[in-house]
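Coordinate analysis (summary)
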Amino acid sequence: MRSATTPTVRRCEVRDRQAFTMIEMVISAMILFGVMSLVASMAFRVDRVWIDVRHHRVAMTELSNQLEVLTRTPVEQLPDAINNLMPSSAVAEALPNVSLSAELQEEGSLTRITLQLDWQRRHGGKPMRMVAWVSSGTEDGQEDDE
């Protein structure tokens, strides 16, 4: 029994927080979802940039190779070589709807060859161009007298 002289003291127990509240869980989930969607969209954009870079590299290599062949061709045979100009099979597979065109222009004793390569891109873009000049003279730069 209790004596009348001892007062009854009620203790308030303070609980330590050992779990998350529902509001904290919802806010954490929203932040996580936002960061994940940002990372996913950035990953897709980076992938598209790498595809564009690869297409540009393939196009530059093709233009360089075609131009090297044309500059080694004798000037008299250049119009026929340009009429038969086609993109390589590797480029036709790598680039969608690829088209290769060329133009010859006489500039004094030099002939300018302009190659242009275009393909279908996801976004608008200008065709890639590469230019070279060939001399109509002999190997030492002198023209034939005959």
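These lines cover the structure that appears in this document, whether it is placed above or below.

1. Considering helix H1 (residues 22–72)
With 51 residues, H1 should cover 75 Å at 1.5 Å per step; its first-to-last C-alpha distance of 75 Å lies within 8% of that length. Buried within H1 we find Ile51, His55, Ala59, Glu62, Leu63, Gln66, Leu67 and Leu70. Among the structural elements, helix H2 (78–83), helix H3 (89–94), strand E1 (99–107), strand E2 (110–118) and strand E3 (128–135) are those in contact with the buried residues of H1.

2. Structural notes on the environment of Leu95
Looking at the secondary structure, you find Leu95 in the loop between H3 and E1. Taking the C-alpha atoms as reference points, Leu95 and Arg121, separated by 26 residues in sequence, lie 8.8 Å from one another. Contact partners of Leu95, with chain neighbours within four places excluded, come to His55, Val58, Ala59, Leu117 and Trp119.

3. Some thoughts on the pattern of salt bridges
Under the definition given, this model contains three salt bridges. Note that Arg72 is salt-bridged to Glu68, the shortest N-O span being 3.5 Å. Of the two residues, Arg72 and Glu68 both sit in helix H1, four residues apart, roughly one turn of that helix. For Arg72, a relative accessible area of 66% gives the class exposed. Residue classification places Glu68 among the partly exposed residues on the basis of a relative accessible area of 41%.

Calculation criteria
Residues numbered from 1 in each chain as written. Predicted model: local features only at pLDDT ≥ 70, side-chain atom pairs only at ≥ 80, totals over all residues. Heavy atoms only, no water. Helix = DSSP H or I, 4+ residues; strand = E, 2+ residues; numbered from the N terminus. Expected span 1.5 Å × (residues − 1). Buried < 20%, exposed > 50% of the residue type's maximum accessible area, 1.4 Å probe, protein only. Contact = heavy atoms within 4.5 Å. Salt bridge = Lys/Arg side-chain N within 4 Å of Asp/Glu carboxyl O.

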